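# Analysis of the macromolecular model
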Number of protein chains: 2
Amino acid sequence: MNPVELILRKRNGLPLLREEMQAFVSAYLNDAIPEYQMAAMLMAIFFRDMTPEEVQALTGVYIESGERISFPADWLTVDKHSTGGVGDKLSLLVAPLAAACGCRVPMISGRGLGHTGGTLYKLESVPGFRTGFSSADFKRLVEDVGMAIVAQSERLVPADKRIYALRDVTGTVESLPLITASIMSKKIAEGAANLIIDLKVGAGAFMKDMPTAQRLAGLLIAAGEAFGQRVGVVYSNMNAPLGDWVGNAVEVREAIRFLYGHVTSGDQFELTRLLWRDMLGLCGKSAEATDERFEALLRGEALEVFRRFVAAQGGDARVVDNPNLLTAAPIEIPIPAPDNGWVQAIDSQGIGYALIDVGAGRRRLDDALDYAAGAHLPHKIGAEVRRGDLLGRLYCSHRAKGEAAAQRIAGCYKLSSEKVVPQPVVLGRLNRWC
Amino acid sequence: MNPVELILRKRNGLPLLREEMQAFVSAYLNDAIPEYQMAAMLMAIFFRDMTPEEVQALTGVYIESGERISFPADWLTVDKHSTGGVGDKLSLLVAPLAAACGCRVPMISGRGLGHTGGTLYKLESVPGFRTGFSSADFKRLVEDVGMAIVAQSERLVPADKRIYALRDVTGTVESLPLITASIMSKKIAEGAANLIIDLKVGAGAFMKDMPTAQRLAGLLIAAGEAFGQRVGVVYSNMNAPLGDWVGNAVEVREAIRFLYGHVTSGDQFELTRLLWRDMLGLCGKSAEATDERFEALLRGEALEVFRRFVAAQGGDARVVDNPNLLTAAPIEIPIPAPDNGWVQAIDSQGIGYALIDVGAGRRRLDDALDYAAGAHLPHKIGAEVRRGDLLGRLYCSHRAKGEAAAQRIAGCYKLSSEKVVPQPVVLGRLNRWC
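Residues numbered from 1 in each chain as written. Chains lettered and ligands numbered in written order. Predicted model: local features only at pLDDT ≥ 70, side-chain atom pairs only at ≥ 80, totals over all residues. Heavy atoms only, no water.

Moving on: the packing of aromatic side chains. Tallied over the full model, the rule gives 19 aromatic pairs over all chains. Pairing Phe47(A) with Phe47(B) gives two aromatic rings, centres 4.5 Å apart and planes at 10°, and the pair type is stacked. You can see Phe47(A) sitting in helix 3 (residues 35–48) and its partner Phe47(B) sitting in helix 3 (residues 35–48), one on each of two chains. Ring geometry for Phe71(B) against Phe138(B): centres 6.3 Å apart, planes inclined by 65°, an arrangement best described as edge-to-face. Of this pair, Phe71(B) sits in the loop between helix 4 (52–64) and strand 1 (78–82) while Phe138(B) is found in helix 7 (residues 135–145), placing the two residues 67 residues apart along the sequence. Of the two residues, Phe71(B) and Phe138(B), neither departs from the other in class, the shared state being buried. Through a chain of ring-to-ring contacts, three or more aromatic side chains come together here, namely Phe46(A), Phe47(A), Phe46(B) and Phe47(B). In this structure, Arg162(A) packs its charged tip against the face of Tyr28(A), placed 4.2 Å from the ring centre. For Arg253(B), the ring lying beneath its charged end belongs to Trp245(B), and the centroid distance is 4.8 Å. (Phe/Tyr/Trp six-rings, centres within 6.5 Å; stacked < 30°, edge-to-face > 60°. Helix = DSSP H or I, 4+ residues; strand = E, 2+ residues; numbered from the N terminus. Buried < 20%, exposed > 50% of the residue type's maximum accessible area, 1.4 Å probe, protein only. Lys NZ or Arg CZ within 6 Å of the ring centre and 35° of its normal.)

Structure below.
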């Protein structure tokens, strides 16, 4: 295998064979192919794209680079994966909701990516909570609790781990084939037989438009099915932050309140219910997935699973009894509306980056994280505000940084002098199983 | 300067500013930007191309990475650059021919590139010949002899030296903006006020078609003129090896015989005369550049310059008196025509690679070079051959490798049963100076 020849083949628009990708990736992992040749290959893939067959082959190559977890065939294993949004704490909701119905949810999750929050950062705001487990312990957690949310171990899909880090620093993140192989290799290797993908679309998502999202959905489903996984996609709106809170501790607090049944409508409620319904549907439990059952679950059953989950992973379960233990950062900065009007557009990506500036996320691995930093941002597109009303409130630990971030967030809201129609949170479904 | 942001800008089709390229290239040369980010940038440039302004800016950034040689303004300095062909020994001809007319030819040349031969490899087949000189010695050679052909020093355009090596291993060689910056930075930094580019087009060239060649010509000329250099382009046919011989020692031998006046027609004769005419034209000596003067130069004047040039650079000048001292390799393998017919097409690139297999060139820097290996291949497109006639002869030092190469060369000739029209060697000129 001549690496330059393979780079040239892809660069010139010819497809790569499975064994060629296998050889290229293995040589890279063994340091026989240097970073710069992989970087050139990734950029060539960005421009030349891949056929669905190539994407499936690459996914397989990724999977085979590490260990593959498996669960007993009679377990109803199902995972939910989000392509990343702002205020997206839905993993903390759907996992206990599905587990409370007898599904088992083996979830390997990530830290923040770009402007989006990461489920692991959120959970790590709970004192004592651990996300690093061996595969054996991960399986035991899923068996005992019905769910687990852990970090990717070094041994699971090491190819993705290393190539993802390189993509991040070479401007090759936004490639649908590479995104597909990255997501699906982990989701297949983690052993879930069923998978619902919450494919975010809009200003606050990585996918800005439906045609791109639909192409990605097709690639994700085909890759999953090539490895025997049943995959359904929900397209959801990411033109506004999801729910009312964005941050880490404040999102966990909001999730716990949700599981107490304090929320009965809104974008987060609707999307959570649909994702839960489809997770059950993939597991052959459509009959159980009624609205009534959903509401019943929020009268204690799901919360109980969540409590056991927090405790099993070393977290302080008192936060479940008293979510106010998860306090927001001490400095509160109001974000007033500059004018009368209706919210016409929200730059959720800008909000995400503003919150990173106060420590709610990281730009680099060595940036300090402030788990208590966050914002209360309840307004959605179509909401009416008057000059001086609060668009929201920012919570932080350093006033100067907070003032700047609050100003940046205020600038993310575009107001219209004419009434604006609210947007639906669910944009569509692609699911041939339920 | 954030390197990823600049990669993304170029990847997304936005032009880069001069100071951004300056910062990116300097950081790369200082090892503050790793190879993989430069590799990603190069591949993004390959796909997104560059505006002429960007190309000129990049050329400037390259030049400023090292020293710039200058000659007295009243010297008629002129160089000739070939974009690379098979059998192309014209530097050895036009340099002494122009120098014999009072021009000064400061030529910094290369070793072989891909399937094409390199002038330095050819010259190094002369016992004792040296190509490594300091800038001061280079200038002295040009002053004393009227010409010099040397290797690029470490101090001349180090940016190109390093980036070229990276392009070579990342599949990013064939990018017109990168080719332009690479060629022109060296040609401007070496100090020649005038430059004729022999832009090869065809199966044996890097440019396979005229539209690509014309775009490159425009970029080369604009880059030169941005730095005060007068540039003319000659488009020449590279669908057949140039002249009768391909190799190293055998090409020098052919060049010396040419300078003795043994050749009076043919592709090599015509192209050499045109390049010489345009070199003189750029120097304001059009009146002198007649066919009669050209033929007169081949009665001893040019050969005398060549003799002094070889001696001044440490070479054994006896080869000039007796070119047969430059012997071909001992094993001669005939290459018979498989059929009657007319030569319709010649895969000159394939011939170049076949000769590399017998040591006439290198694939890797540590490959052994056999200066005496080569081939006599006098047939051009349109030539009539009969079954059993020789297409040519291969000369090598290892019979088994030679047999394989000879077979490969035979396969590079496509014969037609119908008469084929010969092709002109000169395809056009782009020159606003003469």
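Throughout the structure, instances matching the rule amount to six cavities of 30 Å³ or more. Of all elements in the fold, only helix 6 (119–123), strand 6 (245–247) and helix 15 (348–357) of chain A reach the threshold of two or more residues within the lining of the largest cavity. Broken down by element, the residue count for the lining of the largest cavity peaks at three residues, all from helix 15 of chain A. Along the lines of polarity and charge, the residues of the lining of the largest cavity split into seven nonpolar, 12 polar and three charged. If you add up the space inside the second largest cavity, you get close to 140 Å³. His115(B), Thr116(B), Gly117(B), Val246(B) and Ala360(B) are, among the 17 residues lining the second largest cavity, the residues nearest its centre. When contributions to the lining of the second largest cavity are tallied by element, the ones reaching two or more residues are helix 6 (119–123), strand 6 (245–247) and helix 15 (348–357) of chain B. Residue contributions to the lining of the second largest cavity peak at three residues, all from helix 15 of chain B. Of the residues belonging to the lining of the second largest cavity, the class tally is six nonpolar, nine polar and two charged. (1 Å grid on protein atoms, 1.4 Å probe; cavity = no way out; pocket = protein on both sides within 12 Å on 5 of 7 lines; lining within 4 Å. Points joined across faces, edges and corners; volume = space filled by probe spheres on them. Nonpolar A, V, L, I, M, F, W, Y, C, P; charged D, E, K, R; others polar.)

Residues and elements named next belong to chain A. Read from one edge to the other, the open sheet built from four strands follows the order 1-4-5-13, with strand pairing classed as mixed. Pairing within the sheet leaves two strands with one partner each, and these edge strands are strand 1 (78–82) and strand 13 (426–430). Here the average twist between neighbouring strands, direction ignored, is 15°. Relative to strand 13, strand 5 (residues 230–237) is paired through four bridges, and the arrangement is antiparallel. Following the sheet pairing, Val 233 is matched in strand 13 by Leu 430. Packing against the sheet, helix 10 (residues 210–226) makes contact with strand 4 (194–201), strand 5 and strand 13, and its axis sits at approximately 160° to strand 5. (Pairing = 2+ DSSP bridges. Axes fitted to C-alpha atoms, helices over the stretch in contact; angles between N-to-C directions. Contact = heavy atoms within 4.5 Å.)

The interface of chain A with chain B comprises 21 residues on the first partner and 21 residues on the second. Together, the buried faces of chain A and chain B total about 1700 Å²; carbon and sulfur atoms form 75% of this surface. Contact with chain B buries area across many residues of chain A, yet Arg11(A), Tyr36(A) and Phe47(A) alone supply 37% of it, more than any other trio. Between Glu174(B) and Arg11(A) there is a salt bridge, with its nearest N and O atoms 2.8 Å apart. Listing elements by their share of the side of chain A that touches chain B, those giving two or more residues are helix 1 (3–11), helix 3 and helix 8 (158–170) of chain A. Here the side of chain A that touches chain B gets 10 residues from one element, more than from any other, and that element is helix 3 of chain A. (Buried area = accessible area lost by both parts, 1.4 Å probe. Salt bridge = Lys/Arg side-chain N within 4 Å of Asp/Glu carboxyl O.)

All names here are of chain B. The interhelical angle for the contact between helix 15 and helix 16 (residues 399–410), taken along N-to-C directions, is 180°, at an axis separation of 9 Å. By the angle between their directions, the pair helix 15 and helix 16 is classed as roughly antiparallel. Here helix 15 contributes Gly 350, Ile 351, Tyr 353, Ala 354, Leu 355 and Asp 357 to the contact with helix 16, which in turn contributes Lys 401, Ala 405, Arg 408 and Ile 409. Looking at side-chain class alone, the contact of helix 15 with helix 16 contains six nonpolar, one polar and three charged residues. (Parallel < 35°, antiparallel > 145°, perpendicular 65-115°, else oblique.)

Opposite charge on two side chains lets them pair, provided their charged atoms get close. All names here are of chain B. For the structure on display, the rule yields 61 salt bridges over all chains. Among the salt bridges present, the one from Arg 429 reaches Asp 278, with a minimum N-O distance of 2.8 Å. With Arg 429 in strand 13 (residues 426–430) and Asp 278 in helix 12 (residues 267–282), the pair connects residues that are 151 residues apart, well separated along the chain. According to the relative accessible area criterion, Arg 429 is partly exposed, its value standing at 33%. The exposure class of Asp 278 is buried, given its relative accessible area of 2%. Between Arg 408 and Asp 357 there is a salt bridge, with its nearest N and O atoms 3.2 Å apart.

All names here are of chain A. The backbone phi angle of Asp 31 is positive, close to 65°, even though this residue is not glycine. You can call Asp 31 exposed: its relative accessible area is 57%. A positive phi is found at Val 157, a non-glycine position, where the angle reads about 45°. In this structure, Val 157 sits in the loop between strand 3 (147–151) and helix 8.

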